[in-house]
Amino acid sequence: MTHSPATAPARPEPDAVRPRTEATGVRRPPPVLGSLAILATLVMLGHALVPNRVGRLGSLVETFLPWTGLAVPLLLLCALARRSRAAAVPVLLPAVVWCSLFGGTLVDRREDGGNLTVVTHNVNEHNPRPVRTARALAGSGADVLALEELGGPSTATYERTLADTYRYHSVHGTVGLWSRYPVADARTVDIAPWPRALRATVRTPEGPVAVFVAHLMSVRFTAGSGFASAARDAAARRLAAAVRAELLPRTILVGDLNGTTDDRALSGLTSRLRSVQDESGAGFGASWPASFPVARIDHILVRGVEPRSAWTLPATGSDHLPVAASVRV
């Protein structure tokens, strides 16, 4: 009796192992890439829902919120590695959402017409070149100059070097204000156990302007406690109360707030003041760290004056970049 040889099962074509839709035969996007694309989109749209009780996670996400856009090229690279056009389809969702949230930031919105130039700079207490830094700031064209993280003998160096350019100045603790125009009513704003903020009236040719200079506490990120920002958040609330109580209609707040305007912890300030960078800048204007800026934590916020232009200045001996703005009083 003859037996026919057993027929070997046909090996599937390589494409057969990939899932296809029944109707079109198009490969479905890999579930992992699709899930990551949805997760990135949810973070962008729902960052305000990220809880802040544990490790200030919400503030951490919001500080670096624009960087969520990096998920788009990373997911595209994964799709290219798989040689799958279908895998690239889910990436369109976070790409569209990111562009709707931050695309306008990439437009150059700077305009002429300002009549008051303001510069603020965290000079770094350990700056090895305070004279060079002061000269660069004096040459910036600023009418009003604010410095943060003053301390030790460098304070006298800044006062001496800036004296020829700015006739008026006031220093309170670690913050100082220099001006081409008369400065009056300068006083410490109580936001911390030691002086880290001041308020003064600058008498410009167009009228008085209240100027606040502040340096909120630093934040730290550790594996054990997360985004440690409780001291900064408390100082921000005290500063917001002082700004809220200000009687002059034209107000400018400048300084190192150790947070971005997206951070909910600064909402007491950002809900009452306008960011000149956000309204009249070009790009994100990141100011820290100076060697590779990833976040704008140095700000010029205003109310009662018109933002016209904002920009960053070249690096000094500090770990922050100076930031500048032109406004119309």
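Above this text sits the structure in question.
Note that this is a predicted model, so its numbers are computed, not measured. (Residues numbered from 1 in each chain as written. Predicted model: local features only at pLDDT ≥ 70, side-chain atom pairs only at ≥ 80, totals over all residues. Heavy atoms only, no water.)

> Could you give me a rundown of the environment of Thr 204, with the residues and numbers involved?
Mapping Thr 204 onto the fold places it in strand β6 (residues 197–204). Spatially, the C-alpha atom of Thr 204 lies 9.5 Å from that of Ser 179, the residues being 25 residues apart in sequence. In contact with Thr 204, other than residues within four places in its own chain, are Leu 116, Tyr 181, Val 209 and Val 329. (Helix = DSSP H or I, 4+ residues; strand = E, 2+ residues; numbered from the N terminus. Contact = heavy atoms within 4.5 Å.)

> Before we move on, could you go through helix α6 (residues 130–138) and cite the residues and values that matter?
Residues of α6 that are buried: Pro 130, Thr 133, Ala 134, Leu 137 and Ala 138. What you see down the axis of α6 is that its buried residues fit within an arc of 135 degrees, all on one side. Set apart from the buried face of α6 by more than 90 degrees, the exposed residues are Arg 132 and Arg 135. Taken together, the buried residues of α6 touch β1 (116–122), β2 (144–148) and α7 (154–162). (Buried < 20%, exposed > 50% of the residue type's maximum accessible area, 1.4 Å probe, protein only. Arc of directions from axis to C-beta.)

> Which residues make up the packing of aromatic side chains, and what values do they have?
Two aromatic rings, taken as a pair, are described by how far apart their centres are and by the angle between their planes. Here the structure, examined in full by the defined rule, presents 3 aromatic pairs. Ring centres of Trp 98 and Phe 102 lie 5.6 Å apart, and the angle between their planes is 45 degrees; on these two criteria the pair is classed as tilted. With Trp 98 and Phe 102 both in helix α5 (residues 92–102), this residue pair falls 4 residues apart, about one helical turn. Here Trp 98 and Phe 102 have matching classes, each one buried. Taking the centre distance of 6.4 Å and the plane angle of 55 degrees together, the rings of Trp 98 and Phe 284 count as tilted. Note that Trp 98 is positioned in helix α5 and Phe 284 in the loop between α10 (276–280) and β12 (298–303), a separation of 186 residues in sequence. Taken together, the ring pairs in this structure connect Trp 98, Phe 102 and Phe 284 into an aromatic cluster. (Phe/Tyr/Trp six-rings, centres within 6.5 Å; stacked < 30°, edge-to-face > 60°.)

> Pulling in residues and values, what's your account of the sheet that holds β1?
Taken in spatial order, the 6 strands make up an open sheet running β3-β4-β2-β1-β14-β13, and their pairing is mixed. The sheet is open, and its two borders are formed by β3 (168–172) and β13 (306–312), each paired with just one other strand. Each neighbouring strand pair of the sheet contributes to a mean axis angle of 15 degrees, computed without reference to strand direction. With 6 bridges connecting them, β13 and strand β14 (residues 323–328) associate as antiparallel partners. Within β14, the residue paired with Pro 307 across the bridge is Val 327. (Pairing = 2+ DSSP bridges. Axes fitted to C-alpha atoms, helices over the stretch in contact; angles between N-to-C directions.)

> Which residues make up the environment of Ala 310, and what values go with them?
Here Ala 310 shows up in strand β13. Remark: the alpha-carbon pair of Ala 310 and Ser 280, spanning 30 residues in sequence, is separated by 5.9 Å. Excluding residues that lie within four positions of it along the chain, Ala 310 makes contacts with Arg 110, Val 276, Gln 277, Ser 280, Gly 281, Ala 282, Ala 324 and Ala 325.

> Just give me the short version of α7, but keep the residues and values in it.
Among the residues of α7, Ser 154, Thr 155, Thr 157, Tyr 158, Thr 161 and Leu 162 are the ones counted as buried. Looking down the long axis of α7, one finds its buried residues gathered within 160 degrees of arc, a one-sided arrangement. Against the buried residues of α7 lie α6, β2, β3 and β4 (175–179).

> Break down a nonpolar patch on the surface for me, with residues and values.
On the surface, Phe 64, Trp 67, Leu 70, Leu 74, Leu 77, Leu 80 and Phe 292 cluster together to form a nonpolar patch covering roughly 740 Å² of accessible area. Assignment of secondary structure puts Leu 74 in helix α3 (residues 71–81). For Leu 74, a relative accessible area of 52% gives the class exposed. (Patch = residues over 30% accessible without salt bridge, like charges linked within 9 Å, V, L, I, M, F, W, Y side chains within 5 Å. Areas by Shrake-Rupley, 256 points an atom, 1.4 Å probe, with all protein chains shown as cover. Salt bridge = Lys/Arg side-chain N within 4 Å of Asp/Glu carboxyl O.)

> Tell me about the pattern of salt bridges, and please be specific about residues and values.
Throughout the structure, instances matching the rule amount to 10 salt bridges. Residue Glu 62 pairs with Arg 264 through a salt bridge whose shortest N-O separation is 3.0 Å. Here Glu 62 is found in helix α2 (residues 57–63), whereas its partner Arg 264 is found in the loop between β10 (251–256) and α9 (267–270), with 202 residues between them in sequence. Given the relative accessible area of 2%, Glu 62 is considered buried. Since its relative accessible area comes to 24%, Arg 264 is described here as partly exposed. A salt bridge links Arg 308 to Glu 306, with the shortest nitrogen-to-oxygen separation between them at 2.6 Å. Residue Glu 306 is classed as partly exposed on the basis of its relative accessible area of 36%. Each member of the salt-bridge network shares a partner with another, and the members are Arg 56, Arg 232, Asp 233 and Asp 263.

> Residue-level account of the pairing of β14, with values.
With 5 of 6 residues buried, β14 lies mostly within the body of the structure. Bridge count between β1 and β14: 5 bridges; the pairing is antiparallel. Within the sheet, the bridge partner assigned to Val 118 lies in β14 and is Ala 325.

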